[in-house]
Structure formats: structure tokens, C-alpha cells
Amino acid sequence: MISNFRCDQNVRHCISMLKLGTRDLSNPLVLRRFASHYKFVVAGGGSGGCAVASNLVNHGSVAVIEPTLHHYYQPMWTLVGAGIKKTADSRNDQINCIPGQATWLRTSVSSFNPDDNTVMTLDGGKITYDYLVVALGLEVRFDKIKGLKESLGTNGVCSNYGPGNADYTWEVLSSIKSGKLLFTFPNAPIKCAGAPQKIMYLAESHLRKAGVRGSCTLDYHTALPAIFGVPKYAEALTKLAADKGCGVHTKSNLVEIDGENKTAVFQDLDSGELNSESFDMIHVGPPCALYLFMLSPL
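Residues numbered from 1 in each chain as written. Predicted model: local features only at pLDDT ≥ 70, side-chain atom pairs only at ≥ 80, totals over all residues. Heavy atoms only, no water.

Trainee: Account for the packing of aromatic side chains, with residues named and values stated.
Mentor: One pass over the structure, following the stated rule, counts four aromatic pairs. For the pair Y72 and W77, a centre-to-centre distance of 5.7 Å together with 55° between the ring planes defines the contact as tilted. Given the relative accessible area of 23%, Y72 is considered partly exposed. When the centroid spacing of 6.5 Å and the interplanar angle of 80° are considered together, the rings of F228 and Y233 count as edge-to-face. (Phe/Tyr/Trp six-rings, centres within 6.5 Å; stacked < 30°, edge-to-face > 60°. Buried < 20%, exposed > 50% of the residue type's maximum accessible area, 1.4 Å probe, protein only.)

Trainee: Report on unusual backbone geometry, specifying residues and quantitative values.
Mentor: Positive phi, close to 55°, is recorded for C192, a residue that is not glycine. For C192, the position within the fold is in the loop between β12 (179-185) and α7 (195-209). The exposure class of C192 is partly exposed, given its relative accessible area of 42%. The phi angle at K251 is positive, at roughly 50°, despite the residue not being glycine. Among the structural elements, K251 can be located in the loop between β14 (246-249) and β15 (252-258). (Helix = DSSP H or I, 4+ residues; strand = E, 2+ residues; numbered from the N terminus.)

Trainee: Please give an account of helix α8 (residues 231-243) that cites residues and values.
Mentor: An ideal rise of 1.5 Å per residue puts 18 Å on 13 residues; α8 measures up with 18 Å between its terminal C-alpha atoms. Inspection of α8 places A234, L237 and A241 among the buried residues, and these make up the whole buried set. Around the axis of α8, the buried residues are gathered within 70° of arc, so they sit on the same side. Of the exposed residues in α8, the ones pointing more than 90 degrees away from its buried face are K232, E235, K239, A242 and D243. (Expected span 1.5 Å × (residues − 1). Arc of directions from axis to C-beta.)

Trainee: Which residues make up the sheet that holds strand β18 (residues 281-284), and what are the values?
Mentor: Within a sheet, adjacent strands bond to each other through the backbone by hydrogen bonds, running parallel or antiparallel. Reading across the sheet, the five strands line up as β11-β18-β12-β13-β14 and stay open at both edges, with parallel pairing between neighbours. Here the strands that pair on one side only, and so sit at the sheet edges, are β11 (157-158) and β14. Of the pairings in the sheet, the one linking strand β13 (residues 216-222) to β14 comprises four bridges and is parallel in character. Following the sheet pairing, L218 is matched in β14 by C246. In this fold α7 packs onto β12, β13, β14 and β18, with an angle of close to 175° to the strand it touches most, β13. (Pairing = 2+ DSSP bridges. Contact = heavy atoms within 4.5 Å. Axes fitted to C-alpha atoms, helices over the stretch in contact; angles between N-to-C directions.)

As C-alpha cells, this is what we get:
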């Protein structure tokens, strides 16, 4: 059974009940059942999904499919890793983010069936639509780099990707007095292609302000043939990295991490040669991918 919540102003005071998963159908101000057909179905209640839903509510019925109770503004995690913000600053209750005129379907998508305009959900639900918006984002795959999943959050192995992970980035960065800092970009799709560089520049700024920049080296390893995929910005970022004294290594793909020995293994994508580098801190931009159920064509 799909839990359907109409997110109007009358139910926003009931977030505590939603957290407990309770349903009081006798009180229309708390929870109300809705039909399983909507003019617009938005799969995903992240920033993109909520933004689209907000624009669609004036044009017909809208349902947002999103299983989580908490909404995270993920771009803020870069600032968390730099000690500028706290993870709590990026979190809001999901019910506060879905537009009030939309229906929140608190479940997960299991498959899309575009031939009959149907979305199937993990709890066996069937939702039909006139128009479908897919805003599920990408799944972070730490497991795609050998040793990363096991090492993350220990021995200076950091990533701002994922709720809570950026706290450790700042813990490590704020304690560094000297050493080698590595930053990586994967040989795969990634959420926010600029984030792996942003944390490097913020780290450089922190180290400079802390008076320890001269005893630290910063190097950026990217699987791309340039520092960034858009030539216009690549030119400016190449200059920025040089001005800040950050090394840039292109076609250099992180393939393995040995956290205990603080060693990272990179593959040269031209020659295939493997090179090991030691580190005191490494921030990993992880490979990302579509969710498995989306790999079959829409």
C-alpha cells in the first residue's frame, strides 16, 4: 500500500506523525487518500524534482514519488567539507520541500512502463500519469573503486558525497599541518562535475589562512583529458589551479585505495600504467551511475 500524503498547509504540523509512519485516515487535516492517476508524476523529491513539481502544480494534479523523510541540499556539502557549514544546515523535512498543492507518495519507484503511462513502486503500487518527469539523480557508487568503501571515513580518506561524509572531510582538513592532499575526479558520470575541484580550492584557502600552505601540496587527478569538460571553463580553471599552486594530472584515474597504508593507485588512461601515490588526505569524487532498475530503456 502506498502512503499518500497531501502536503498542504494543514498537514505541515504533522511531521512528527510522518516520521513515525502513522496514518490517521479519520482526520482529513492529517492524511488524505488520493487517486492513483495524476496529470504529472515526478519521480524523485530532490532539489530538481521539487523545483519541477513547484512549476507544474498550477497546470494540473501532481504527485511526487520520494521515499525519504529528509531532504538534503547536496551542493552545500562542499561547504560542510570546508568547515563553512554544518550537515544539519543542508537538511530539511521532506514535507517542507514538496509543494503544498502536490501529493507526496512516500515510496520508491521499481520500474517505468511508458507504453501504458505507468510507474510501478516497490510496495506493489501502480501509478498512472499523463506526463512523467524522472528526477531520480544518480546513485553514488563507492564500491566501484577498490578499497574505497572500506576506507571511507578513516585514515584521511574523504568524500563530500553522501549525508554525513563531509563532516569527516573537515575533521581531516582542519587538523592538517603539513603533508600531501589529493583530490580526484572519476572515469564515470558524477553528480556535480565541479564539486571535486571546489573542495580543493576551499582546502587551499583554509591551509593558507591557517598558515600551513607552504608545508602542504595539493594535486588534482582527473580521468578527463582536461581539468574540466567544458573548454571555456577549463581554460579559466587551469589558470586558477596554477595560480593557487595546485598540480593537475589529466587522464589519471583512481582505481584503488589502501587506507591503512595511505596509498592511492592511479591508472594512466593513455598507457594503462599504474602509479601509486602516498597521501595524508584524499578527497574522492566517486563514480556515479543510474539506479539499476533504470538500465532497461524507458
